[in-house]
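Below are the chains, spelled out letter by letter.
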Amino acid sequence: KNPFSSALLSPPISCGRSKARLGSARRVCGGEMDGGGEEGNQQPQLVLAHKLFLLSQPDVDDLAKVGLRDDVLAAVKSDDMAALYESLATDGVLEMDAALLAEMRGRIEEETKKLDEKITDAEENLGESEVREAHLAKSLYFIRVGEKEKALEQLKVTEGKTVAVGQKMDLVFYTLQIGLFHMDFDLISKSVDKAKILFEEGGDWERKNRLKVYEGLYCMATRNFKKATSLFLDSVSTFTTYELFPYDTFIFYTVLTSVITLDRVSLKQKVVDAPEILAVISKVPHLSEFLNSLYNCQYKSFFVAFSGLTEQIKLDRYLQPHFRYFMREVRTVVYSQFLESYKSVTMEAMAASFGVTVDFIDQ
């Protein structure tokens with residue numbers, strides 16, 4: 001039986017993400033797209049990015065992929081994502097419908113014209129604040145329809161009309177979300193550096209804490225697990241970046257990165273006994289057993305929990321590229337901890353402690 005055939009229509013270990021939300025990306029022409037802060041309000045395009053990732057995975061069965069394709073097509077049509085639709089059709093992920101593509105492009109052209117008219121009206125008849133809002137609306141519209149280059153260009157124009165540091169920071173967060181959707185690590189890195197410079201001019205703590213999670217996610221996705229752990233642990237009690245993922249997903253990442261980077265004493269203080277982590281760790285399958293059995297030296301239980309977690313790691317778009325590396329690092333941690341207690345030990349005794357075969361240990 002394929003273990004990956006269930007629960008693939010939403011990102012792993014998330015609570016309460018509905019298909020409906022995927023198809024209901026915010027209409028951004030009249031106001032700002034949600035930048036985060038409210039629980040359960042994940043950025044719809046990041047949900048879409050995860051589903052596109054699952055469609056590319058051989059471990060996901062064909063039946064699940066049928067549902068994923070339906071979801072992706074619904075999201076693309078809902079938000080007139082013409083460029084993405086054309087790209088997916090070219091790659092054979094979706095079927096090309098020339099009439100649908102022409103319709104979407106027509107609506108984009110029409111909406112862009114309206115937004116340009118609002119900008120002109122604001123420049124001629126209104127104040128600087130209204131001009132900025134009109135430019136921001138156009139930026140967010142390009143983000144919504146998936147026009148990456150146009151969105152980045154328009155965000156730069158909007159930044160030129162922006163005075164407040166907090167509002168400039170919000171523009172950086174939008175840029176970071178574009179980078180995460182496309183896994184454009186160069187764009188993410190430059191945006192994080194830019195945000196840090198802005199904070200030197202005087203940014204608020206709420207945005208600074210949000211940036212830590214963005215940077216931590218970037219570090220984790222680029223295999224800098226040590227820095228990711230530090231940033232995630234700093235954000236455990238101040239987490240508000242629900243636009244990226246729910247809190248239980250955040251705890252999942254925090255525990256995984258902590259296990260392979262922290263020493264035993266630090267792991268106990270910062271993770272095993274952390275009240276915020278204790279409050280939600282049981283929501284993530286196998287995670288509590290994984291953490292506690294490692295700390296309590298219950299190696300058979302650890303390997304059972306670890307094998308359960310491997311499915312979730314494999315189907316996470318940020319962790320999957322590092323799957324083999326992470327598996328080796330975790331085994332190194334647990335074997336080192338076991339061997340510290342002995343001057344010498346037989347392969348048979350070690351295999352029995354871990355509940356695996358001698359051949360597995362030998363390999």
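Just so it is clear, the model here is predicted, and its values are computed rather than measured.

Analysis parameters
- Residues numbered from 1 in each chain as written.
- Predicted model: local features only at pLDDT ≥ 70, side-chain atom pairs only at ≥ 80, totals over all residues.
- Heavy atoms only, no water.
- Core = buried A, V, L, I, M, F, W, Y, C linked by side-chain atoms within 4.5 Å.
- Buried < 20%, exposed > 50% of the residue type's maximum accessible area, 1.4 Å probe, protein only.
- Helix = DSSP H or I, 4+ residues; strand = E, 2+ residues; numbered from the N terminus.
- Contact = heavy atoms within 4.5 Å.
- UniProt positions renumbered as here; feature names shortened; annotations may be inferred.

It is worth spelling out the nonpolar core at this point. One broad trend across soluble globular proteins is that nonpolar side chains are buried collectively. One finds Val255, Leu287 and Phe290 to be the most contacted residues of the largest nonpolar core, which totals 111 residues. When residues of this core are assigned to their parent elements, the largest contribution, 10 residues, is made by helix 8 (residues 165-182). Here Leu287 is in contact with Ile251, Phe252, Val255, Leu256, Ile281 and Leu309, once residues within four sequence places are set aside.

Now for the UniProt feature "coiled-coil region" (unreviewed entry) in the protein chain. The UniProt record annotates "coiled-coil region" (unreviewed entry) at residues 101-132. Along residues 101-132 one finds 94% helix and 0% strand; the C-alpha atoms at either end are 31 Å apart.

With that out of the way, let us pick up the environment of Asp116. Along the polypeptide, Asp116 turns up in helix 5 (residues 98-125). Separated by 22 residues in sequence, Asp116 and Lys138 place their C-alpha atoms 7.8 Å apart.

Moving on, we come to unusual backbone geometry. Residue Met183 is not a glycine yet carries a positive backbone phi of 50°. Counting through the fold element by element, Met183 comes out in the loop between helix 8 and helix 9 (185-202). In this structure Met183 comes out as partly exposed when scored by relative accessible area, which is 24%. Positive phi, normally seen in glycine, also occurs at Cys297, with a value near 60°.

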